[in-house]
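# Observations on the model geometry
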Amino acid sequence: DSYFEAKEIMAGYYFYKSDYHKVINLLREVTNYQQSINNPNIADYTMLAFAFYKQKEYEKVLENYTKATKTVKEKDKIGQGLLENLMGVTYCKLEFNKEAKERFLNAIEIYKQENAIGSLSVSYNNLALVFAKENNFQKAIEYTEKSIALNEKNNNRYGIAISKLNIGSYYLSKKKYQ
């Protein structure tokens, strides 16, 4: 329906303008309509979740990622992995470390199966951050080193730099300076 397509376009514009309240209002209307005709759209739920994330409404972020998960096609493993990773990030923000680790591990398994090296590297790094929050620096370093190895394999210099910065911060936290 072109009316709701226009609302999606407007939501994208307001997202670009950082007017998340308008994004949320528009996309709630769109997703309610999509549910009423049994045709949900993963992109709309994901954008809605991002808007809530920007407003630090993390429970609503998870609610919309869960709805997105239900709409992602069974064959879209990369999409499933992305949603697992995004939910892990949100659980991490909420300091629900157990749930965050579960989601990151789910994403890691999916990305391994799909040989999605770049996404796998990001998930390893995210999992390492949770272990660091728990002061388990040995595990944090272990997963960060896995991320570095994948980034080196792909010649992803940015990913290498981020991972090495993370390792440096872990050693600082452990007060190991060599």
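All values derive from a computational prediction rather than experimental measurement.

### Concerning the overall build of the protein
- Along the backbone of the protein there are nine helices and zero strands.
- Each helix (α) and strand (β) of the protein, taken in turn from the N terminus, gives the series α-α-α-α-α-α-α-α-α.
- In terms of overall dimensions, the protein has C-alpha extents of about 60 × 30 × 30 Å along its principal axes.
- Across the 178 residues that make up the protein, the buried fraction comes to 42%.
- Restricting to contacts in the protein with at least 6 residues of sequence separation, those with at least 24 account for 50%.
- As displayed, the protein offers around 10400 Å² of accessible surface, 51% of which is attributable to carbon and sulfur atoms.
- The average position of the 26 basic charges and that of the 21 acidic charges among the side chains of the protein differ by 6 Å.

### Notes on unusual backbone geometry
- Of note, the phi angle at asparagine 38 is positive, near 60 degrees, even though the residue is not glycine.
- In this fold, asparagine 38 is placed in the loop between α2 (20-36) and α3 (42-54).
- Residue classification places asparagine 38 among the exposed residues on the basis of a relative accessible area of 67%.
- A positive phi is found at asparagine 135, a non-glycine position, where the angle reads about 65 degrees.
- With respect to the element layout, asparagine 135 can be found in the loop between α7 (117-133) and α8 (137-153).
- Taking relative accessible area as the criterion, asparagine 135 reaches 58% and is therefore assigned exposed.

### Points about the confidence of the model for the protein
- When pLDDT is averaged along the protein, the result is 92, and 98% of the positions lie at 70 or above.
- Averaged over each element, pLDDT in the protein is lowest for helix α9 (residues 157-174) (88) and highest for helix α6 (residues 97-114) (97).

### A word on the nonpolar core
- In this structure, Tyr65 and Tyr170 are the most contacted members of the largest nonpolar core, which totals 46 residues.
- When residues in this core are grouped by element, the largest group, eight residues, is from α7.
- Among residues more than four places away in sequence, those in contact with tyrosine 170 are Ala128, Leu129, Ala132, Phe137, Ala140, Ile141 and Thr144.

### Focus on the packing of α3 against helix α5 (residues 77-93)
- Packing of α3 against α5 leaves a shortest axis separation of 12 Å and a crossing angle of 20 degrees. Taken together, the axes of α3 and α5 lie roughly parallel to each other. Pair α3 / α5 crosses with left-handed handedness. Between α3, through Ile42, Thr46, Phe50 and Tyr53, and α5, the contact on the second element is made entirely by Leu83, Leu86, Val89, Thr90 and Lys93.
- Here the contact of α3 with α5 is composed, by residue class, of six nonpolar, two polar and one charged.

Conventions adopted
- Residues numbered from 1 in each chain as written.
- Predicted model: local features only at pLDDT ≥ 70, side-chain atom pairs only at ≥ 80, totals over all residues.
- Heavy atoms only, no water.
- Helix = DSSP H or I, 4+ residues; strand = E, 2+ residues; numbered from the N terminus.
- Buried < 20%, exposed > 50% of the residue type's maximum accessible area, 1.4 Å probe, protein only.
- Contact = heavy atoms within 4.5 Å.
- Areas by Shrake-Rupley, 256 points an atom, 1.4 Å probe, with all protein chains shown as cover.
- Lys, Arg positive; Asp, Glu negative; His and termini not counted.
- Charge placed at Lys NZ, Arg CZ, Asp CG, Glu CD.
- pLDDT = per-residue confidence, 0-100.
- Core = buried A, V, L, I, M, F, W, Y, C linked by side-chain atoms within 4.5 Å.
- Axes fitted to C-alpha atoms, helices over the stretch in contact; angles between N-to-C directions.
- Parallel < 35°, antiparallel > 145°, perpendicular 65-115°, else oblique.
- Left-handed = near helix turned anticlockwise from the far one by under 90°.
- Nonpolar A, V, L, I, M, F, W, Y, C, P; charged D, E, K, R; others polar.

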